[in-house]
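An overview of the molecular structure
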Amino acid sequence: MTNKFRTLDDVELKGKRVLLRVDLNVPMDNGRVSDTTRLERVAPTITEISDKGGKVILLAHFGRPKGRDAKDSLKPVAEALSKVVKKPVAFAEDCIGEPAAKAVAALSDGDILCLENTRFHKEEEKNDPAFVAELAKLGDIWVNDAFSAAHRAHASTEGLGHKLPAYAGRTMQAELDALEKALGSPTKPVIAIIGGAKVSTKIDLLENLVTKVDALVIGGGMANTFLHAQGVAVGKSLAEKDLAPTALRIMEKADAANCAIILPVDATVAYHFAANAPSHAYGLDAIPADGMILDVGPQSIARVHAAIDDAATLVWNGPLGAFEMQPFDRGTVAAAKHAAERTKAKKLISIAGGGDTVAALNQAHVAGDFTYVSTAGGAFLEWMEGKPLPGVEVLRIK
């Protein structure tokens, strides 16, 4: 896959000023980084450029500031990053102008510098050419290692790729390789598991997937909309009943593309949306009128396992039930563990992404057993919808 993109293998880094776009949008608690996962993900690219004698100049956004705001400064993140990469990380009070230029000029080969939040300038999100030019003055090459921001055409995520020689960092490269294995040129048969609350947020995704995969498992609240469209009484369950025609259209499209749609055949029902609420498994013909479907039932779990067993490649986005609350995490956790076992046995390539999905895999303690887990929410979804991502397109070898 990555032979379609320029990577760090294609450039001499020694002595170069490398503008490296990374994702430093980490959770904070009382001014301290509370989860270093994203820092650990970008550390290999930072370390490699530094070890090869490049001058590492980090570009990143943090939060959604409207102008300069101290609470959205990257300074504490730079301090946490220095512990992760085990090297000093200098900090510049701005990402353009004199503070940035001075800090870059002071760098020796192998040094690391973090520039202040690019979104302190409104021109960043507008991909303003003059702002892009100001950023470009600071570097000799641009490396994009922030797949999670690749669906946005901003100055630091896309604009710089038109002004400087552009390369994919190692995190970006790993993501692109995984995505190619998932849907670009996958080992067939391919199954997708798509869950979550609402069909309305995933119409484009479902319509694209039915043309790409051999089987599509639909779970979560979304499944209720499909069941309702087929005339199943879903009681008080979450369902977008007005989207019944959309659900039927997706099923027709799947049928035409020879993609099997796998819906629940039974359901775990409770009368209160609360953890440990009394629940019972019912067949679809017996859902109580005042009950709520909060998870798939045991027969549906067995069906999902069988579908995973038939697949060589699995793409997963979204839980099968209200996984945040026990016991309604049972279906999601069981399917995740089953997919992890098949992956460990070298019988399945498993690729998952999206915030809830990552949380569910962590809950099942199997995230490390999947072939690849993407932490990029929006970008991962848009890619699965078949949309070109500006921050990736600009890296393609023309």
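Quick caveat, the model's predicted, so the values are computed rather than measured. (Residues numbered from 1 in each chain as written. Predicted model: local features only at pLDDT ≥ 70, side-chain atom pairs only at ≥ 80, totals over all residues. Heavy atoms only, no water.)

Turning our eyes to something else, we now look at the sheet that holds strand 5 (residues 90-92). Strands sit in the order 5-6-4-1-7-8 across an open sheet of 6 strands; the sheet is parallel. In the strand order of this sheet, the two ends are held by strand 5 and strand 8 (166-168), each with one partner. In this sheet, neighbouring strand axes are inclined to one another by 25 degrees on average, regardless of whether the strands run parallel or antiparallel. (Pairing = 2+ DSSP bridges. Helix = DSSP H or I, 4+ residues; strand = E, 2+ residues; numbered from the N terminus. Axes fitted to C-alpha atoms, helices over the stretch in contact; angles between N-to-C directions.)

Across the interface, helix 1 (residues 37-51) lies against helix 2 (residues 75-85) with an axial gap of 10 Å and an inter-helix angle of 65 degrees. Between helix 1 and helix 2, the angle falls in the class roughly perpendicular. The handedness of the crossing between helix 1 and helix 2 comes out as right-handed. Here Leu39, Glu40, Ala43, Ile46 and Thr47 of helix 1 lie close against helix 2, whose contacting residues are Val77, Ala80, Leu81, Val84 and Val85. Within the contact of helix 1 with helix 2, the residues separate by chemical class into 8 nonpolar, 1 polar and 1 charged. (Parallel < 35°, antiparallel > 145°, perpendicular 65-115°, else oblique. Left-handed = near helix turned anticlockwise from the far one by under 90°. Contact = heavy atoms within 4.5 Å. Nonpolar A, V, L, I, M, F, W, Y, C, P; charged D, E, K, R; others polar.)

Let us now look at the UniProt feature "binding site: (2R)-3-phosphoglycerate" (unreviewed entry) in the protein chain. As recorded in UniProt, the feature "binding site: (2R)-3-phosphoglycerate" (unreviewed entry) lies at Arg38, Arg119 and Arg152. Checked against the lining of the largest cavity, the annotated residues just named reduce to Arg38. Each residue touching Arg119, except ones within four places of it in the same chain, is listed here: His61, Gly63, Arg64, Pro65, Glu124, Glu125, Arg152 and His154. Here Arg152 lies in the loop between strand 7 (141-144) and strand 8. Arg152 sits in the partly exposed class, given a relative accessible area of 31%. (UniProt positions renumbered as here; feature names shortened; annotations may be inferred. 1 Å grid on protein atoms, 1.4 Å probe; cavity = no way out; pocket = protein on both sides within 12 Å on 5 of 7 lines; lining within 4 Å. Buried < 20%, exposed > 50% of the residue type's maximum accessible area, 1.4 Å probe, protein only.)

Read across the sheet, 6 strands follow the order 11-10-9-15-16-17 without closing on themselves; strand pairing throughout is parallel. Across the chains shown, the open sheet's two edge strands, defined by having one partner strand only, are strand 11 (260-262) and strand 17 (372-374). Direction aside, the axes of adjacent strands within the sheet are offset by 15 degrees on average. Bridge count for strand 9 (residues 190-194) against strand 10 (residues 215-218) is 4 bridges, and the pairing is parallel. Bridging from a neighbouring strand, Ile191 pairs with Ala215 of strand 10.

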